[in-house]
Structure formats: C-alpha cells, structure tokens
Amino acid sequence: MNDNIFQHFFDAKKNAANHFVETELGEHFTYDGIFNLSGQIANVLIAEGLKPDDRVAAQVEKSVAALALYLAVVRCGAIFLPLNTAYTDTEMDYFLGDAEPRILICDPARAANLSNGIYKTLTLSANNSGSLIDSTKLQPSSFATVHRNMDDLAAILYTSGTTGKSKGAMLSHGNLLSNAKSLVKIWRFTADDVLIHALPTYHTHGLFVATNTIMLAGASMLYLPKFDADLIMKLIPRATTLMGVPTFYTRLLSHPHLNREHVANMRVFISGSAPLLAETHKEWSDKTGHAILERYGMTETNMNSSNPYDGERVAGSVGFPLPDVDIRIDSEAGGIGVIEIKGPNVFKGYWRMPEKTAAEFRDGYFISGDLGRFDDRGYLHIVGRSKDLVITGGFNVYPIEIENEIDGIDGVLESAVIGLPHRDFGEGVTAVVVRKPHSAISEAEIKSQLDVRLAKFKQPKAIIFVTELPRNAMGKVQKNVLRKTYDTYYAAAV
Ligand code: AMP
C-alpha cells in the first residue's frame, strides 16, 4: 500500500468532478483540475532532475498553482519546504544553505537575487505566470505518485525561530496523515463542508490543518489570499467553517453585520496558533451563538489537543488530547509544568540537528516548551511558554495570570507581561499595555487595581504603554521583540 499522503487525498475524493477551490476572483477549480495540474508540475520537476527525498523550496504567494505545487512535490516523493514570502535575501540564504534544495520556486522578481549554480530556479508569480507554469504546458497531467512509507519525509517547515536560528522541523507522510485523519473525525468534516481559507500557506495552520483536512474530507474551500474582514463577512453565508488565528475573530467582532442570522449556515468556527482571550470567546458566542472551538498545535507536532465538537468548549482552554496523542505535564504536584507530547503526530526531528533533536525529547515525548495544566475535567490550559516564565526574586510568575488581570481592567485593551533584567530581582515583572481607544488610564491606576488582586511579587514593577503589541503573521505576540526593545529599561531607570 502506498502511504504517500497524496494517494490518500486522491482516494478520498468521492467524485473527481467535485468542486474543490473557489478563489476571491470567483474562479472555480475541481479536484480533477488541481490534481491534474499537480501531475503536470510533478512531470516538470522530474524533468528538472528531482529525486525522492530531494527538497523543493518554495517562496511563493498563496495561489491555486502554489497548492498544486505542494501536491506535486509530495507526489514526487520529494520534500516540500515552504518559506514565508516576507523573508529577505539574507534570510533566504540561510534557509537555502541549510536545506540544500534541488529546486527553488520563487517569484520572478526574486529570481535574479536568489538563483545560484547549486539548485535549479523556476518561477511562479501570484497571478500564475512564470517559468514553472510555462513548462507545465508541455507536460501531461498523468503522473504515477511515488511510493512512500509512513516514516518518509513529506515536508520541512522552519520554525519561526524566536530563540536562535530557525530550525527545520521534519514532517513525515505519517505525521501529516494521522493528524488530518483525526481532525476530519473530531471536527466532523464531510464532503459538504465549505471552508473559508484566509490563512497563509507557508505555515502548518494554513497548509496542513486547513488544506489537508479539507482534501481528506473531499470538501471545498473559498481560498483567499489574506484576511479581509469585509470579504469574509460576504462569504460566510456560503460557508460552513472558518479556521482562523485569534486576530481573525477580534477583527470580525467589530464588523457591524456580525450576528446570529448572518452566520446561520456556519457549522463551526475554529481558532488556534495563539491564545484566544476568554473575553473574545464570550463576545463571539454572545453575538453569534457559536462557541469558538479552540485547538492547540505547533509546527513540530501538528495538532495536539482540541475542545470537543459536542460537549462544552471551555474559554481559555485548548481542550482534550487528540485521540491518538498522549500529553503529559512535567510537574511535581499535578500543577503547572512543561507540556510533553507523544504520538504519530510528532515530527521526526530537526533537519541536520541531531543533538538539538535529542535534547528536546525525553522518553519518546517531545518537550514542547509550552507551560500548561490539566483541570479537574481533563481540559488542557496553556499558561505560557517556558522561556516567557518570569523569575523574580526567586519566585515564578506566569505572565498569563498577570495579563488576564490587567486585561480585565476598564480602559485596557490588551497587555503582554515580560521579565526584564533587574538589579535587585534578577528579572522585573513588566507589563506592556495597550489602552482602549480614548482611554487615558495611568500606570498608577493600573497598579492600584492590581494591588488588591495579586501577591506583591507578581505585581508589575513598571507599566509601559504602547499603541500596539508586536505580532507575527500568525497573530502571536512577539515577546522576544519586547524583551529586546526594553532590555535596559531598569538599568536606565535606576
Ligand atoms: P507554531 O509552531 O508557529 O505553530 O507555534 C506553536 C506555538 O503556538 C505553540 O507551541 C504554542 O505556544 C502556541 N499556540 C498554538 N495554539 C495555541 C493556542 N490555542 N493557545 C495558546 N497558544 C497556542
């Protein structure tokens, strides 16, 4: 049996003529259409000398051709390496040097800078032109999908690299397949589903969680180049599901037409990649009648846990471990500790970093670096990243606890709590706060409200006001950026 994940997508589609993708321009593509294009691209890649286990790096805009390219690479038994289009030439040098791809696919405008004599460069633009597309026209659509086993690699996804160099997470056909199967099952996807897809496709969320799940269900997608609140609102009556990062939901909440009637056709709203505020969860269910289904995953492990489809979806929780995933918490007394994960979803290690890989596993469990706890009912709660933990005067402070208190104060929109070097305390608890529009709340007012709610050692030594928190494309607050910006804050203050 061929374990190539493409073979499973191919077998899953009940009817080849089924509708698969509609773009923002109203173009329609069937499964047949996109799978045939992937066959043509696969033939181009093989003609360029691609062999199984070779890497194909792709720095391309989200498009239907880019989706077909992902499928083509996997069909060739090669390894897909998607790269954020925001990466500069210098950053690309690192990734290409590290991954040593056989072929690079990039935008025609980048080709001159990124080409070298080592790998072959082909181009693909956002509007579907370039040498890759030109070459497909000469190729047949039939292609015999290369035989793969569950442990063979399908993709390498570089982590966002918030500490040190970005690492390439090696994901096998079995990793991707087992996760997509679980998600179809627990989220009840069927061929009748229509997903609004507005996520980037160089990241696990948009590429695997969204598209693999849809393809395994034989369902269809409204495929948008990026988040656009007005367009999503327009499409919601024709869709059944949305997968988003929390900022999708906070932005949609301020749309004047969001209400129960408008979302009557929707089956489920799913959120992940960054914490969804309990307040957003509540506002969303007040306005739409839908409890957002929050799940937890990461590049290295695919999805780990999810709130239930049936049953209570608890705000501020990431739910239960997926059926075949084992999650344990490394803590002494059943309290907060580092989340460790084992299962068919867990990656094969970091590309060419055996020591780093070994250091991040313990008894077969991947040490996620996320801090969490299980509540009495078995729901998992994430309380931050272990590297974000603040140790002040020997006490552990979990930023999320302080952030929740601050976010609950009138006049505060949101906050991020970090530890900054402090002469007396080692680290000083510091809150970076965004005020609500028109609010003039002061440092003293926030501090006096926290004084009655938090033990002294947890209270911020300082509050820094900003107009916006730095976030990456997946909506994650970049605490490393904040720490760097304010590194000498207390030194300067003394
Ligand atoms: P990435 O590898 O870019 O997908 O980032 C994975 C990290 O995102 C995880 O290790 C968590 O820190 C965070 N994350 C993902 N989903 C959630 C969630 N639902 N709540 C809180 N943090 C999350």
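Anything mentioned here points back to the structure above.
Parameters and conventions
Residues numbered from 1 in each chain as written. Predicted model: local features only at pLDDT ≥ 70, side-chain atom pairs only at ≥ 80, totals over all residues. Heavy atoms only, no water. Buried < 20%, exposed > 50% of the residue type's maximum accessible area, 1.4 Å probe, protein only. Helix = DSSP H or I, 4+ residues; strand = E, 2+ residues; numbered from the N terminus. Contact = heavy atoms within 4.5 Å. Salt bridge = Lys/Arg side-chain N within 4 Å of Asp/Glu carboxyl O. Pairing = 2+ DSSP bridges. Axes fitted to C-alpha atoms, helices over the stretch in contact; angles between N-to-C directions. Disulfide = S-S within 2.5 Å. Near = heavy atom within 4 Å. Polar contact = N/O pair within 3.5 Å; in protein donor to acceptor, adjacent residues only side chain to side chain. Areas by Shrake-Rupley, 256 points an atom, 1.4 Å probe, with all protein chains shown as cover. Nonpolar A, V, L, I, M, F, W, Y, C, P; charged D, E, K, R; others polar. Phe/Tyr/Trp six-rings, centres within 6.5 Å; stacked < 30°, edge-to-face > 60°. Lys NZ or Arg CZ within 6 Å of the ring centre and 35° of its normal. Core = buried A, V, L, I, M, F, W, Y, C linked by side-chain atoms within 4.5 Å.

1. Quick word on helix H10 (residues 246-253)
Now for step 1: Where burial is concerned, most of H10 is hidden: 6 out of the 8 residues are buried.
Now for step 2: Pro246, Thr247, Phe248, Tyr249, Leu252 and Leu253 are the residues of H10 that are buried.
Now for step 3: Packing partners of the buried residues in H10 comprise helix H9 (229-235), strand S11 (241-244), strand S12 (268-271) and helix H11 (278-288).

2. A short note on the pattern of salt bridges
Now for step 1: Counted by the stated rule, this structure contains 25 salt bridges.
Now for step 2: Note that Arg362 is salt-bridged to Glu340, the shortest N-O span being 2.2 Å. With Arg362 in strand S18 (residues 361-362) and Glu340 in strand S17 (residues 337-342), this residue pair connects regions lying 22 residues apart in the sequence.
Now for step 3: Among the residues examined, Arg362 registers a relative accessible area of 34% and is labelled partly exposed.

3. A short note on the sheet that holds strand S1 (residues 19-23)
Now for step 1: The 9 strands lie next to each other as S2-S1-S10-S9-S11-S12-S13-S14-S15, forming an open sheet whose pairing is mixed. With partners counted over all chains shown, the strands left at the sheet margins are strand S2 (28-30) and strand S15 (320-321), one partner each.
Now for step 2: On the sheet, helix H8 (residues 204-217) packs against S1, strand S9 (194-197), strand S10 (220-223), S11, strand S13 (293-298) and strand S14 (302-306) and is oriented at approximately 165° with respect to S9.

4. Brief notes about the state of the cysteines
Now for step 1: Applying the stated criterion across every chain, the model contains 0 disulfides.
Now for step 2: We note that Cys76 lacks a disulfide partner, and the nearest cysteine sulfur, in Cys106, lies 18 Å from it.
Now for step 3: The class for Cys106 is buried, based on a relative accessible area of 0%.

5. Some points on the site of the ligand
Now for step 1: Near the ligand, the surroundings consist of 16 residues, among which His203, Glu294, Arg295, Thr299 and Asp370 are the closest.
Now for step 2: Residue Asp370 places a side-chain N or O atom 2.6 Å away from an oxygen atom belonging to the ligand.
Now for step 3: Contact with the protein chains covers 90% of the free accessible surface of the ligand, which is 490 Å².
Now for step 4: Of all the secondary structure elements, the ones that give two or more residues to the shell around the ligand are S13 and strand S20 (380-385).
Now for step 5: Broken down by element, the shell around the ligand gets its largest block of residues, 5 residues, from S13.
Now for step 6: The class makeup of the residues in the shell around the ligand is 6 nonpolar, 5 polar and 5 charged.

6. Examining the environment of Pro225
Now for step 1: Position of Pro225 relative to the elements: it lies in the loop between S10 and H9.
Now for step 2: The class of Pro225 is partly exposed, set by a relative accessible area of 43%.
Now for step 3: Taking the C-alpha atoms as reference, Pro225 lies 6.3 Å from Ala198; in sequence the two are 27 residues apart.
Now for step 4: Apart from residues no more than four positions distant in its own chain, Pro225 is found in contact with Glu24 and Lys62.

7. Some words on the packing of aromatic side chains
Now for step 1: Scanning all chains against the criterion turns up 22 aromatic pairs.
Now for step 2: Note on Tyr70 and Phe80: the rings are 5.4 Å apart at their centroids and 45° apart in plane angle, and the pair reads as tilted. With Tyr70 in helix H3 (residues 64-75) and Phe80 in strand S4 (residues 79-82), the pair connects residues that are 10 residues apart, well separated along the chain.
Now for step 3: On the basis of relative accessible area, Tyr70 is assigned to the buried category, the value being 1%.
Now for step 4: Overall, Phe80 belongs to the buried group, its relative accessible area being 3%.
Now for step 5: Note on Tyr87 and Phe95: the rings are 4.6 Å apart at their centroids and 40° apart in plane angle, and the pair reads as tilted. When sorted by exposure, Tyr87 lands in the same class as Phe95, which is buried.
Now for step 6: Site record: aromatic cluster; members linked through ring pairs are Phe6, Phe10, Phe20, Tyr31 and Phe35.
Now for step 7: When the ring centre of Tyr365 is taken as origin, the NZ or CZ atom of Arg328, which lies over that ring, is 3.8 Å away.
Now for step 8: The aromatic ring of Phe425 is capped on one face by Lys461, whose charged end is 4.2 Å from the ring centroid.

8. Considerations on the nonpolar core
Now for step 1: Membership of the largest hydrophobic core comes to 111 residues, with the highest contact counts inside it found for Phe20, Leu45, Tyr70 and Ile105.
Now for step 2: The element best represented in this core is H3, accounting for 11 residues.
Now for step 3: Apart from the residues within four sequence positions on either side, Tyr70 is in contact with Phe9, Phe80, Leu176, Leu207, Phe208, Thr211, Asn212 and Met215.
Now for step 4: The next biggest cluster of nonpolar side chains, apart from the first, holds 19 residues, and it includes Leu83, Phe95, Ala99 and Ala111.

None of this, on its own, says anything about what the molecule does.
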